[in-house]
Amino acid sequence: KEWSQLMKSMEPLERAVAALPIAALRGDVGTLLTVLPYLPNFAKLNPLNNLKLTKPFVNILKEAGVKNQFARNFLDLLCFCLSGLPTDGTITAEMALMMGEFYDPGALMDCPIGGAKSIIDALVRGIEKHGGQVFTKAHVDKIVVQDGRATGVRLDPKTRNAASTVVRATKAVVSNISVWDLMKSGIVDTMQFPPSFVKEREATPVGKSFMHLHIGFRASKEELEKLQAHYMYVSDWSRGVEAEENAVLISIPSVHDESLAPEGFAALHAYTPATEDFGRWEHLDRKSDEYKQLKEERSQYLWQALEKIIPDIRERADVVRVGTPLTHKRFLRRHMGSYGPAIKADEGSFPFAGTPVNSLLLCGDSCFPGIGVPAVSGSGLLAANSVSLDSISSQQKLLQKLVST
């Protein structure tokens, strides 16, 4: 009964979120043209519902009378997986978007055939199809700013073997690095920004990091058919989803995609959802015995969770890779290996793509709409739309195509 009431309460909020797709937004005056076709949608909505979208999701639970402890705990976990914060910190708009699709009667969870690599390959094809180029092993050393305008990027010559290490921007530079890496790594001269801008961005609260287990293990097709593709494991709900060594998310994509491992084997990924403190790892040398020992110790909880599903997983394991906050920091080039900004609803908001430096735009999980793949994809759309006014026509064509499908 409480769940039914919650879903009923979410319906007008879902309509409010759907009334204006993020693909219609821009960071310039062109928004007046791209948003115009959607304004009639708002005439059908209750303005009070629109105001609720920026508030913590826990407010909606209270209004709907959701008191069942398991339901509250489960929704805390869902919010935490999406935003790195429980219901009292997650913005209602994010949950309205998710729940509208997640609990639709015909909802399906899509898994990309070929794994995450297939998504990357598709994005690269899209870039190259429109005349773009993707450079690998080309770390950006500096964002070049001249006369208050971003004019290109300078590449680290150690990672890019080319005659010229400067890539000139014809229209804009778009950066997807975290707010802390932008402000503190030296990649851009922060003197180009007003002191108040730098102070505000540097004060962005930092979300925690992860522990990971990537395992290739022996399993027959018949054994895989008895498994689910996804599991959520919580040791003790009373400790809360934010507690260390309490929640584990497990993905076994080989259940649906046999191409991810050789015949007779399967792949899985188990991880803690942004509950690992960077502090205990910060001063360790990745090549030291101390680091190896801590990896072994901190991964044991993941193994124990996996054994609830596959009791003999240690014996079946053929390939094992343990990821730590230092792994996140190194391979994702993330400040403190962080999941992203821990900006609580009602206490702050994610900034839009623009910066005080002309032609320098930002996207990623440090920008609106926030953390998580759907939100980050939206931020990329917003930044791309905001590069220049001559993109309005192509943006409008894309919106028409989205409506028609």
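This is a predicted model, so every value here is computed, not measured.

Undergrad: Explanation requested: unusual backbone geometry in the structure shown.
TA: Glycine aside, the phi torsion of most residues is negative, and most peptide linkages are trans. Backbone torsion omega between Phe368 and Pro369 reads 10 degrees, so that peptide bond is classified as cis. Here Pro369 is to be found in the loop between β10 (360–362) and α15 (373–385). Positive phi is not limited to glycine here, since Lys137 has a value of about 50 degrees. If you trace the backbone, Lys137 turns up in the loop between α8 (116–129) and β1 (140–146). Residue class for Lys137 comes out exposed when judged on its relative accessible area of 69%. A positive phi angle, close to 60 degrees, is found at Ala274, a residue other than glycine. Turning to its location among the elements, Ala274 is positioned in the loop between β8 (265–271) and α12 (289–307). Exposure remark for Ala274: the relative accessible area of 6% places this residue in the buried category.

Undergrad: Would you take a moment to explain helix α5 (residues 57–64) for this structure?
TA: Since one α-helical turn is 3.6 residues long, residues separated by three or four positions face the same way. Among the residues of α5, Phe57, Val58, Ile60, Leu61 and Ala64 are the ones counted as buried. On an axial view of α5, the arc spanned by its buried residues comes to 155 degrees, and they lie on one face. Facing away from the buried surface of α5 by more than 90 degrees, the exposed residues are Lys62 and Glu63. Close packing links the buried residues of α5 with α1 (2–18), α4 (47–52), α6 (69–83) and α7 (92–102). Following α5 by one or two positions, Gly65 has its phi on the positive side, about 75 degrees.

Undergrad: Could you clarify how one ought to interpret the packing of α1 against α5 in this entry?
TA: Helix packing geometry: the angle between the two helix axes and the distance between the axes. Viewed as axis vectors pointing N to C, α1 and α5 meet at an angle of 125 degrees, and their least axial separation amounts to 9 Å. With respect to each other, α1 and α5 are oriented oblique. By crossing handedness, the relation of α1 to α5 is classed as right-handed. On α5, the residues that touch Gln5, Leu6, Ser9, Met10 and Leu13 of α1 are Phe57, Ile60, Leu61 and Ala64. Looking at the contact of α1 with α5, its residues break down into 7 nonpolar, 2 polar and no charged.

Undergrad: Any chance you could explain the sheet that holds β8 here in plain terms?
TA: Hydrogen bonds along the backbone pair up the strands of a sheet, which may run parallel or antiparallel. Pairing in this open sheet of 5 strands is antiparallel, and the strands run β6-β7-β8-β5-β9 from one edge to the other. Every interior strand has two partners, whereas the edge strands, β6 (230–234) and β9 (317–323), have only one. Neighbour-to-neighbour, the strand axes of this sheet turn through a mean angle of 15 degrees, independent of strand direction. The strands touched by α6 are β6 and β7 (247–251); relative to β6, the strand with the most contacts, the crossing angle is about 120 degrees. Contacts between α12 and the sheet are confined to β5 (212–218), β6, β7, β8 and β9, with β5 contributing the most and set at about 55 degrees to the helix.

Undergrad: Explanation requested: the environment of Lys226 in the structure shown.
TA: With respect to the helices and strands, Lys226 occurs in the loop between α11 (221–224) and β6. By relative accessible area, which is 71% here, Lys226 ends up exposed. Distance from Lys226 to Val255, taken between C-alpha atoms, is 8.8 Å for residues 29 residues apart in sequence.

Undergrad: Can you walk me through empty space enclosed by the protein in this structure?
TA: Space left empty within the atom packing is revealed by a probe, the size of a water molecule, rolled over the atoms. Per the counting criterion, the structure on display carries 1 cavity of 30 Å³ or more. Considered as a void within the structure, the largest cavity measures approximately 40 Å³ in volume. Taken together, the residues of the lining of the largest cavity sort by class into 6 nonpolar, 2 polar and 1 charged.

Undergrad: I tried to follow the sheet that holds β1 on my own but got confused; where do I start?
TA: Ordered by their spatial adjacency, 3 strands build an open sheet running β1-β2-β3, and the pairing between neighbours is antiparallel. The open sheet is flanked by β1 and β3 (166–168), the only strands paired with a single partner. Strand-to-strand twist across the sheet, computed as the mean angle between neighbouring axes with direction ignored, equals 30 degrees. With 6 bridges connecting them, β1 and strand β2 (residues 149–155) associate as antiparallel partners. Bridging across to β2, Ile143 finds its partner in Val153.

Basis of the calculations
Residues numbered from 1 in each chain as written. Predicted model: local features only at pLDDT ≥ 70, side-chain atom pairs only at ≥ 80, totals over all residues. Heavy atoms only, no water. Helix = DSSP H or I, 4+ residues; strand = E, 2+ residues; numbered from the N terminus. Buried < 20%, exposed > 50% of the residue type's maximum accessible area, 1.4 Å probe, protein only. Arc of directions from axis to C-beta. Contact = heavy atoms within 4.5 Å. Axes fitted to C-alpha atoms, helices over the stretch in contact; angles between N-to-C directions. Parallel < 35°, antiparallel > 145°, perpendicular 65-115°, else oblique. Left-handed = near helix turned anticlockwise from the far one by under 90°. Nonpolar A, V, L, I, M, F, W, Y, C, P; charged D, E, K, R; others polar. Pairing = 2+ DSSP bridges. 1 Å grid on protein atoms, 1.4 Å probe; cavity = no way out; pocket = protein on both sides within 12 Å on 5 of 7 lines; lining within 4 Å. Points joined across faces, edges and corners; volume = space filled by probe spheres on them.

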